[in-house]
Amino acid sequence: MSKFNNSRVLITGGASGIGKIMGRKALERGAAELIIWDINKESLAAVADEFKDLGRVVTCQIDITKFAEVERAYNEMIADDNAATPDILINCAGIVTGNRLFHEQSRREIDKTMEVNAMAPMYIAHLCLPSMVARRSGHICNIASAAGLVSNPRMSVYAASKWAVVGWSDSVRVEMQEEQTGVHITTVAPYYISTGMFDGVRSRILPILKPEKTAEKIIRAIERNNDFLTMPLGYHFIRFWQGVLPTPVFDFIFGKIFGIYSTMDNFTGRNGKKE
Ligand SMILES: NC(=O)c1ccc[n+]([C@@H]2O[C@H](COP(=O)([O-])OP(=O)(O)OC[C@H]3O[C@@H](n4cnc5c(N)ncnc54)[C@H](O)[C@@H]3O)[C@@H](O)[C@H]2O)c1
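I will try to describe carefully the structure that is included in this document. (Residues numbered from 1 in each chain as written. Predicted model: local features only at pLDDT ≥ 70, side-chain atom pairs only at ≥ 80, totals over all residues. Heavy atoms only, no water.)

Relative to the 18 Å expected for 13 residues at 1.5 Å per residue, helix α6 (residues 211-223) spans 18 Å between its end C-alpha atoms, a close match to the ideal helical length. Considering only its buried residues, α6 is in contact with α1 (17-28), β4 (88-91), β5 (138-143), β6 (183-190) and β7 (228-231). (Helix = DSSP H or I, 4+ residues; strand = E, 2+ residues; numbered from the N terminus. Expected span 1.5 Å × (residues − 1). Contact = heavy atoms within 4.5 Å.)

Here we come to the side chain of T187. Locating T187 in the fold gives a position in strand β6. Given a relative accessible area of 0%, T187 falls into the buried group. Polar side-chain contacts of T187 include one of 2.7 Å to the side chain of S169. Not counting residues up to four positions away in its chain, the partners in contact with T187 are N142, A144, V166, S169, D170, D227, F228 and L229. (Buried < 20%, exposed > 50% of the residue type's maximum accessible area, 1.4 Å probe, protein only. Polar contact = N/O pair within 3.5 Å; in protein donor to acceptor, adjacent residues only side chain to side chain.)

For the ligand, the set of nearby residues contains 28 residues, the closest of which are D38, Y158, I193, T195 and R270. The separation between an oxygen atom of the ligand and a polar main-chain atom of I193 is 2.7 Å. Of all the secondary structure elements, the ones that give two or more residues to the shell around the ligand are α1 and α5 (156-178). Among the residues making up the shell around the ligand, the classes are represented as 17 nonpolar, 7 polar and 4 charged. (Near = heavy atom within 4 Å. Nonpolar A, V, L, I, M, F, W, Y, C, P; charged D, E, K, R; others polar.)

Formed by 81 residues in total, the largest nonpolar core has its most connected members in M22, W37, I90 and I218. Among the elements that take part in this core, helix α4 (residues 107-135) stands out by supplying 8 residues, more than any other. Contact partners of I218, with chain neighbours within four places excluded, come to I18, M22, C141, I143, V188, L229 and M231. (Core = buried A, V, L, I, M, F, W, Y, C linked by side-chain atoms within 4.5 Å.)

The next thing to look at is the pairing of β7. Both faces of β7 are covered, namely the face carrying F228 and T230 and the face carrying L229 and M231. Where β6 lies against β7, 4 bridges are found, and the strand directions are parallel. Within β7, the position partnered with T187 by the bridge is F228. Each parallel crossover has a hand, and for β6 linked through α6 to β7 it is left-handed. (Pairing = 2+ DSSP bridges. Right-handed = clockwise from strand over helix to strand, strands pointing away.)

It is a general feature of regular strands that their side chains alternate between the two faces of the sheet. The element strand β2 (residues 33-38) is extensively covered by neighbouring structure, given that 6 of its 6 residues are classed as buried. Side-chain alternation along β2 places E33, I35 and W37 on one buried face and L34, I36 and D38 on a second face that is also buried. Bridge count between strand β1 (residues 8-12) and β2: 5 bridges; the pairing is parallel. Looking at β2, one finds that T12 is bridged to W37. Taking the sense of rotation as the criterion, the β-α-β connection linking β1, α1 and β2 turns out right-handed. Where β2 and strand β3 (residues 57-61) come together, 5 bridges link them in parallel fashion. Bridged to I36 within β3 is T59. Note that the unit made of β2, helix α2 (residues 41-50) and β3 has a crossover that is right-handed.

What follows is the structure, encoded as C-alpha cells:
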C-alpha cells in the first residue's frame, strides 16, 4: 500500500508545476487530505476546482516568506479537526528572478530568492519536525535542483539557494537516521523541467525533463523512503567529477561540451521576455 494512502499531505507551491502534479498523484494514491500552500490565488482556485472530485483538498493563499503568517497557518492547520501535523510535507515552492549576472541583481532579488527557496523550507520543516519526531513517523521531501550540485552562471543566487537546500536537507536526513526518529527526508535535485519556470533555457545534451514523469519519480522516491533523487541519474556523479578533474577540464567538459554554462543565455521565464 502506498504511504500516501490515508495520509495528510502538505505541498508548498502546489498550485502549479510539479507541485500541482504531485498533489494530484497523492490524492490518486488515497491521501486523506491534500493541503496546498501557494501565493497565487487564481492558480489555487483553479487547482481546488480541478481536484474536487479526487478527495479532500484544502488551499491556503500564503507567502511562505512571511514567517509569522506561516506559523499562524500552521497552527490553524493543526487545530482544525484536531488533526495533527501533516504526515508528508513536500517543500516545492520556488522562484528564479531572471538570468542576469550576480552583480546586476538587486539586493531585494537576492533576499527573495534565498527566502523562498532556502529559508522557507527550513522554517516550515522546523514547525513540522517536532511532532513528527514525537510520533516517530513522517516524511519531508525538499525539492532542490541540479543547480544545487553544480555551479551555473546567470543563476548564481538560485544556485546558492539550492546548494543551501541540498546541504541542509541531507544533513537533517542524517540527523533523523542517526537519532532513529522514524522520520524520513528525501532531497530531490532535478535538471530543468518544462513547467514554464525556466522557459527559454536551452540544453545541448541532457534532455529537459517532463513534468508528469518527474513528479511520478519524486512520489515514488517518497514511497520508497529514498534519501536522494537526482534526475537524470548521471547528475548524481557530478560532484565526483568536480572532485577529480582540474577546474579548467571540468569547466570545458560540463560547461562547454555539455553546455551547462550557457543553458540560461536565452532564459525568458514565464513572462516570455528575454532580459
Ligand atoms: N522547472 C525547473 O526547471 C526546475 C528544475 C529543478 C528544480 N525546480 C524546482 O522545483 C520546484 C517547483 O518548480 P516548478 O517548475 O513546478 O515551478 P512553478 O513555478 O510551476 O511552481 C512554483 C510554485 O511556487 C509558488 N510560489 C512561489 N513563491 C511563493 C511564495 N513566496 N509563497 C508561496 N508559494 C510560492 C508559485 O506560485 C508556484 O505555484 C521549485 O522549487 C523549483 O526551484 C524546478
